[in-house]
Number of protein chains: 2
Amino acid sequence: MPLEWSGSSPELLLTLDRASAEPLRSQLERQVRDAIRGGRLRVGERLPSSRELARTLGISRGLIQDCYAQLQAEGYLATRTGSATRVAAGAAPPAPAAAPARPAPPPARLIADFRPGVPDLGSFPMADWLWAVREAGRAIPTAALDYGDAAGATALREVLAGYLRRVRAAAAEPDRIVVCSGHAQGLVLAFGALARAGVRTVAYEDPGGPRSTAAAAAWAGLDAVPVPVDEDGVDVRALAATGARAVVVTPAHQWPTGVVMAPRRRLELIAWAADRDAVIIEDDYDAEFRYDREPVGALQGLAADRVVSIGTVSKSLAPALRLGWLLAPPSLAGAILEHKLLNDRGSPALDQLALARLIESGRYDRHLRRMRPVYAARRTALLAALAEHAPGVRVTGLDAGFHAVAHLDAPGGEAALIEAARARGVGLHGMSMCRADGGDTPVQLVLGFGNTGERAVRAGIAAVGDLLAPR
Amino acid sequence: MPLEWSGSSPELLLTLDRASAEPLRSQLERQVRDAIRGGRLRVGERLPSSRELARTLGISRGLIQDCYAQLQAEGYLATRTGSATRVAAGAAPPAPAAAPARPAPPPARLIADFRPGVPDLGSFPMADWLWAVREAGRAIPTAALDYGDAAGATALREVLAGYLRRVRAAAAEPDRIVVCSGHAQGLVLAFGALARAGVRTVAYEDPGGPRSTAAAAAWAGLDAVPVPVDEDGVDVRALAATGARAVVVTPAHQWPTGVVMAPRRRLELIAWAADRDAVIIEDDYDAEFRYDREPVGALQGLAADRVVSIGTVSKSLAPALRLGWLLAPPSLAGAILEHKLLNDRGSPALDQLALARLIESGRYDRHLRRMRPVYAARRTALLAALAEHAPGVRVTGLDAGFHAVAHLDAPGGEAALIEAARARGVGLHGMSMCRADGGDTPVQLVLGFGNTGERAVRAGIAAVGDLLAPR
């Protein structure tokens, strides 16, 4: 039967009964009133226009207009000229009390927050991104609006493969790439594939990201064990002693120490993987920004059959885009793809095509070029401010990325230091969150300056310099 | 040290050694040539402009231009006036042979493909969507480009809560909503939360989606057991006999039979859940399109503390957007959110805000209004074509959505029928894929007409009518 006969409105979930003794207008008024009284329609909610509603209910528009006018007169609805009819303020009951225990609200405005792991959000190239989305939307074939290849759009995988070969010296082919939503999903997919392959234990760097790694491992049914990091990167002898058959590492710029994995250590790690038939998960998270050394290619380029490399635009563009990729060895590519299919059936197509367009057009490189001196200037400002306000503080890990580690002599301990800084309006973040045992000695801070402008860097360090300076 | 001193290009992963006896231009030429020969730079790959490269390498632009000219003369590079320098065709070695065994390529063009589960992709309101993305991009606060609330953008959760109350009579509050990427992720998150709550076994409708349900259950460590569906919906007595403490159902329009769950059955199901302290997962997947009945509210509205409702825009807009939501009872909301955080740290912010804008502006409702008569006409065309070319075929499940079930008398069996239709250029899809045991009797087809135009519906049925008609 054609739609017009239905006598019901799917947009409001109303039903008119023509057989009823109650006039249609009265039925309609009653149902809208009840929906408002019952809280199903809340203050400010938009109602369909009288024309739309008349068409779907199959009754005259005048009848709807009369109904709306009546409810307006009764104070249930409000109409401003030229805009939609909405539920009037005061007409509906108050919304139920908020549910308990959401994460705490963001803190009051700080002079400076040295939270690590976030790029300069104000520099996100929104105009370029909107351009790329529009270009992608105009060019997208109709069939690409369907469920796509869970591995990702072919166009993006091709562009990423070229990019990773060019910039990261990776051994990248499009059919070894699975597009994902970033580092977190990359880990979940890689761990799932490892579990499928019979791996029981995965090692991770300590300090590192113990909580997120352990949570992802637990989901996949894996045990996660920490392995210490020294000044050349992860300790391969300690790794071998764990018996783990997989390890998550950050060779380009160790998180959070900032150590760049030494060439010999890289070869030892690869030898370990070959010897144990093990897998290296390379978190290539902020290789885009280096300051004072030659660029270091991805570990993946040296051992493509042993390394899963995870990349993301969370640091190069913005976390909110939720786009990343895995570059997988042949032995794991199938299982990773299967987990992606199961997990979410693929990442959003338009976003993927927009990123492909952004990279292909050169605008992505241009953005990175613009950002390098911005971060370099913040880094310089941080060092200068520390030298002035906390002379003697040792700072390490500054070769790349946008965070550093400050080594402190703070007898009161990490928590007291952070609290004291907070009281002065400065957000500091301690190394304890990165340590597998949560320990707070030696006292170290992970100072992020990605999303902290030069002025804030200076003002923040000036405000807490005496807390940081050696006694 | 400032960036200009680095002597390296992060965009090409090149390094110049000023201490070397080899002239800089020669070093540069050699490294670019090697990158092309070695396959790291492939045919068509864009090189940085001479100005960009000069700046990052800290050498004169003329030197880069000379280098590019030399490599162009050697045939490695090609430049067209006004566009970027790229690797020349024929310069690079051929890409390695493609990896084995990707899913088979899409079949040759069909007269008609009655694949169910896909909306009319050609009607996707791209202009509206691009408008909404642009509006969202312009209005988004800088802080919202960070990792956001894993539950989803507040603006979208508020709009969705209003929408679900208004259209689905759901008991929806923003803080009970978790935005996800659609049905597949919704199931994964709900199952993960159920496993955490101690549930061991989850039941699902048979016929239904046995493979995807079982795969998601296996990932969460749950057993999945099928429960039969009759003409009133899922068989609650059989469900009770399984001992399962959770069930996945499609009350608005059972997938794939098209049965609308009877009111009494709904109450029985809710009573079962209360009795067993069980959870109902309501897959509210295509409630937007109903043809000849009054709309049916979501089951969730009747038992908000027992039902997880999963929705998606895959049917109302397009699967490629990868946006959906869960509406969770208080007992599971926390665990679902935790799994979402672990799984991908939240869905893309701009897409979420664009959907909020689309709904809030009334354009989403307008699109649905436009589509209802389109699908209604295809449904009418399907019935008419079957009546003409396959008289006597019984068709059920047509109250809503855009698929129907055809009950056949096909002695040769489902596979032979589908193959014969394929040979005539018509894609048919059998019920066996929806049955838990994969059985193909009785022979039934799931005829989708969401992405099949009226003309194709008529031509397709005309081409295979004799195969479908009762003997």
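Since this is a predicted model, take the numbers as computed values, not measurements.

Q: What should I look at first to understand the overall build of chain A in this one?
A: Within chain A one finds 14 helices and 17 strands. By its C-alpha atoms, chain A is 90 × 55 × 40 Å across when sized along the principal axes. Buried residues in chain A amount to 58% of all 471 residues. Long-range contacts, defined as pairs at least 24 residues apart, comprise 74% of the intrachain contacts of chain A with a sequence gap of at least 6.

Q: I would appreciate a short explanation of the environment of Asp351 of chain B in the present structure.
A: Topologically, Asp351 of chain B is positioned in helix 11 (residues 349–360). With residues up to four places along the chain from it excluded, the contact list for Asp351 of chain B reads Pro348 and Asp351 of chain A together with Trp129 and Leu323 of chain B.

Q: Would you take a moment to explain the interface of chain B and chain A for this structure?
A: A common measure of how large an interface is: the accessible area buried when the components associate. Every contact between the two is made by 102 residues of chain B and, on the other side, 102 residues of chain A. Between chain B and chain A, a total of about 8400 Å² is buried, with carbon and sulfur atoms accounting for 57% of that surface. If you sort the residues of chain B by the area they bury against chain A, Arg166, Trp219 and Arg369 of chain B come out on top, with a joint share of 10%. Applying the counting rule to chain B against chain A returns 12 salt bridges. Here Arg46 of chain A makes a salt bridge to Asp365 of chain B, at a shortest N to O gap of 3.4 Å. A total of 7 residues in the side of chain B that touches chain A trace back to one element, the largest contributor, which is helix 5 (residues 154–168) of chain B. Considered class by class, the residues forming the side of chain B that touches chain A number 46 nonpolar, 22 polar and 34 charged.

Q: Just to check I follow, could you spell out the pattern of salt bridges for this structure?
A: Oppositely charged side chains can form a pair if their charged atoms are brought close together. As enumerated under the stated definition, the model contains 51 salt bridges over all chains in all. The shortest N-O distance in the salt bridge between Arg25 of chain B and Glu29 of chain B comes to 2.6 Å. Remark: Glu29 of chain B and Arg25 of chain B occur in helix 1 (residues 24–37); sequence separation between them is 4 residues, near one turn of the helix. The class for Arg25 of chain B is partly exposed, based on a relative accessible area of 31%. With relative accessibility at 9%, the residue Glu29 of chain B sits in the buried group. Measuring nitrogen to oxygen at the nearest pair gives 3.0 Å for the salt bridge that ties Arg166 of chain B to Asp365 of chain B. Here Arg166 of chain B is found in helix 5, whereas its partner Asp365 of chain B is found in helix 12 (residues 363–389), with 199 residues between them in sequence. In this structure, a network of salt bridges that share partners links the residues Arg86 of chain A together with Glu135, Arg357 and Glu360 of chain B.

Q: Before we go on, may I ask you to explain the sheet that holds strand 9 (residues 233–234) of chain B in this structure?
A: Hydrogen bonds along the backbone pair up the strands of a sheet, which may run parallel or antiparallel. All names here are of chain B. The mixed open sheet is built from 8 strands, whose spatial order is 6-13-12-11-10-7-8-9. A single partner strand is all that each edge strand has here, and the edge strands are strand 6 (177–180) and strand 9. Across 6 bridges, strand 7 (residues 201–206) lies against strand 8 (residues 223–230) in parallel orientation. Among the inter-strand pairings, Tyr204 is bridged to a residue of strand 8, identified as Pro226.

Q: Would you take a moment to explain helix 5 of chain B for this structure?
A: Since one α-helical turn is 3.6 residues long, residues separated by three or four positions face the same way. Residue and element names in this part refer to chain B. Between the first and last C-alpha of helix 5 there are 20 Å, a value that for 15 residues agrees with the 21 Å anticipated at 1.5 Å per step. For helix 5, a buried count of 12 out of 15 residues is recorded, marking the element as mostly surrounded by other parts of the structure. Within helix 5, the full set of buried residues consists of Leu156, Arg157, Val159, Leu160, Ala161, Gly162, Tyr163, Leu164, Arg165, Arg166, Val167 and Arg168. One or two residues past the end of helix 5 sits Ala169, with phi positive at roughly 50°.

Q: Hey, could you run me through the packing of helix 2 (residues 50–57) of chain B against helix 3 (residues 61–73) of chain B in this one?
A: For any two helices packed against each other, the geometry comes down to the angle between their axes and how far apart the axes lie. Residue and element names in this part refer to chain B. Packing of helix 2 against helix 3 brings their axes to within 8 Å, and their N-to-C directions diverge by 125°. Put simply, helix 2 runs oblique to helix 3. Viewed along their axes, helix 2 and helix 3 form a crossing whose handedness is right-handed. Residues Ser50, Arg51, Leu53, Ala54 and Leu57 of helix 2 lie in contact with helix 3, whose contacting residues are Arg61, Ile64, Gln65 and Tyr68. Taken together, the residues of the contact of helix 2 with helix 3 break down into 5 nonpolar, 2 polar and 2 charged.

Q: Whenever I open this one, the pairing of strand 12 (residues 307–312) of chain A confuses me. Can you help?
A: A regular strand places its side chains so that they alternate between the two faces of the sheet. Residue and element names in this part refer to chain A. Here strand 12 lies mainly inside the structure; 6 of its 6 residues are buried. What you see with strand 12 is no split at all: Val307, Ser309 and Gly311 on one side and Val308, Ile310 and Thr312 on the other are buried throughout. The pairing of strand 11 (residues 279–283) with strand 12 spans 4 bridges and is parallel. The partner of Asp283 across the bridge, within strand 12, is Ile310. As defined by bridge partners, strand 12 adjoins strand 13 (residues 324–327) across 4 bridges and the pair is classed as antiparallel. Bridge pairing links Ser309 to Leu327 in strand 13.

Q: Got a minute to help me understand the nonpolar core in this structure?
A: Side chains of a nonpolar character, in soluble globular proteins, are inclined to be buried together. If you look at the biggest cluster of nonpolar residues, it comprises 149 residues, and the most contacted ones within it are Trp129 and Leu468 of chain A together with Trp129 and Leu468 of chain B. Of the residues forming this core, the biggest block, 9 residues, is contributed by helix 12 (residues 363–389) of chain A. When near neighbours in sequence (up to four residues on either side) are disregarded, Leu468 of chain A contacts Leu386, Ala390, Val393, Leu408, Leu417, Leu428, Leu445 and Ile461 of chain A. Core analysis: the second largest hydrophobic core is formed by 65 residues, Ala328 and Ala333 of chain A together with Ala220 and Ala328 of chain B among them.

Q: Looking at this structure, how should I read the sheet that holds strand 10 (residues 246–249) of chain A?
A: Residues and elements named next belong to chain A. With respect to topology, 8 strands assemble into an open sheet ordered 6-13-12-11-10-7-8-9, the strand pairing being mixed. Edge positions in the sheet fall to strand 6 (177–180) and strand 9 (233–234), since each has one partner strand and no second. Examined bridge by bridge, strand 10 and strand 11 share 4 bridges and lie parallel to one another. Counterpart to Ala246 in the pairing with strand 11 is Val279. Against the sheet, helix 5 (residues 154–168) engages strand 6 and strand 13, with an angle of about 110° to strand 6.

Q: Just checking my understanding: could you explain the packing of aromatic side chains for this structure?
A: Two aromatic rings, taken as a pair, are described by how far apart their centres are and by the angle between their planes. Following the criterion strictly, the structure yields 5 aromatic pairs over all chains and no others. Arranged with centres 4.6 Å apart and planes meeting at 40°, the rings of Tyr375 of chain A and Phe402 of chain A form a pair that is tilted. Within this pair, whereas Tyr375 of chain A is found in helix 12, its partner Phe402 of chain A is found in the loop between strand 14 (394–396) and strand 15 (403–407), the two being separated by 27 residues in sequence. Assigned by exposure class, Tyr375 of chain A and Phe402 of chain A land together as buried. Both rings, one in Tyr163 of chain B and one in Tyr364 of chain B, keep their centres 5.4 Å apart while their planes meet at 75°; by these two values the pair is edge-to-face. A residue pair is termed long-range when its members are at least 10 positions apart, and Tyr163 of chain B in helix 5 and Tyr364 of chain B in helix 12 qualify at 201 residues. Grouping residues by exposure puts Tyr163 of chain B and Tyr364 of chain B together as buried.

Q: Is there a simple way to think about the relation of the copies chain B and chain A in this case?
A: Superposition record for chain B on chain A: RMSD 0.0 Å, screw rotation 180°, translation along axis 0.0 Å. Both chain copies can therefore be described as sitting about a two-fold axis. The overlap is high: 100% of the interface residues of chain B also sit at the interface in chain A, so the same surface is used on both sides.

Q: How should I be thinking about the confidence of the model for chain A in this particular structure?
A: Interpretation of the predicted coordinates at a detailed level should be avoided for regions scoring low in pLDDT. All names here are of chain A. Taken over all residues, the pLDDT of chain A has a mean of 90, while the share at 70 or more is 94%. Scored below 50 in pLDDT, residues 1–6 shows 10 contacts in the model against residues more than four places distant or in partner chains. For residues 97–106, every residue scores under 50 in pLDDT, and the model assigns this stretch 8 contacts once sequence neighbours within four places are set aside. Here the predicted complex scores 0.87 on pTM and 0.87 on ipTM.

Q: Please clarify how the side chain of Asp128 of chain B should be interpreted in this entry.
A: Mapped onto the elements of the fold, Asp128 of chain B is located in helix 4 (residues 126–139). For Asp128 of chain B, the contacting residues outside a window of four places in its chain are Leu358, Arg363 and Arg366 of chain B.

Q: For this particular structure, what's the right way to read the pairing of strand 13 of chain A?
A: Residues and elements named next belong to chain A. Burial along strand 13 is two-sided: Gly324 and Leu326 and Trp325 and Leu327, pointing in opposite directions, are all buried. Sheet analysis places strand 6 next to strand 13, joined by 4 bridges and oriented antiparallel. In the strand pairing of strand 13, Val178 is matched with Leu326.

Q: How should I be thinking about the environment of Ala384 of chain B in this particular structure?
A: Residues and elements named next belong to chain B. Its place among the elements puts Ala384 in helix 12. For Ala384, a relative accessible area of 46% puts it in the partly exposed group. Spatially, the C-alpha atoms of Ala384 and Arg424 are 20 Å apart, while their sequence positions differ by 40 residues.

Q: Explain helix 10 (residues 330–344) of chain B here, please?
A: Given a rise of 1.5 Å per residue, 15 residues ought to cover 21 Å, and the 22 Å separating the end C-alpha atoms of helix 10 of chain B matches this to within 8%. Looking one or two residues past helix 10 of chain B, Arg345 of chain B carries a phi angle of roughly 60°, positive in sign.

What counts, and at which threshold
Residues numbered from 1 in each chain as written. Chains lettered and ligands numbered in written order. Predicted model: local features only at pLDDT ≥ 70, side-chain atom pairs only at ≥ 80, totals over all residues. Heavy atoms only, no water. Helix = DSSP H or I, 4+ residues; strand = E, 2+ residues; numbered from the N terminus. Buried < 20%, exposed > 50% of the residue type's maximum accessible area, 1.4 Å probe, protein only. Contact = heavy atoms within 4.5 Å. Buried area = accessible area lost by both parts, 1.4 Å probe. Salt bridge = Lys/Arg side-chain N within 4 Å of Asp/Glu carboxyl O. Nonpolar A, V, L, I, M, F, W, Y, C, P; charged D, E, K, R; others polar. Pairing = 2+ DSSP bridges. Expected span 1.5 Å × (residues − 1). Axes fitted to C-alpha atoms, helices over the stretch in contact; angles between N-to-C directions. Parallel < 35°, antiparallel > 145°, perpendicular 65-115°, else oblique. Left-handed = near helix turned anticlockwise from the far one by under 90°. Core = buried A, V, L, I, M, F, W, Y, C linked by side-chain atoms within 4.5 Å. Phe/Tyr/Trp six-rings, centres within 6.5 Å; stacked < 30°, edge-to-face > 60°. Least-squares fit on C-alpha atoms with pLDDT ≥ 70 in both. pLDDT = per-residue confidence, 0-100.

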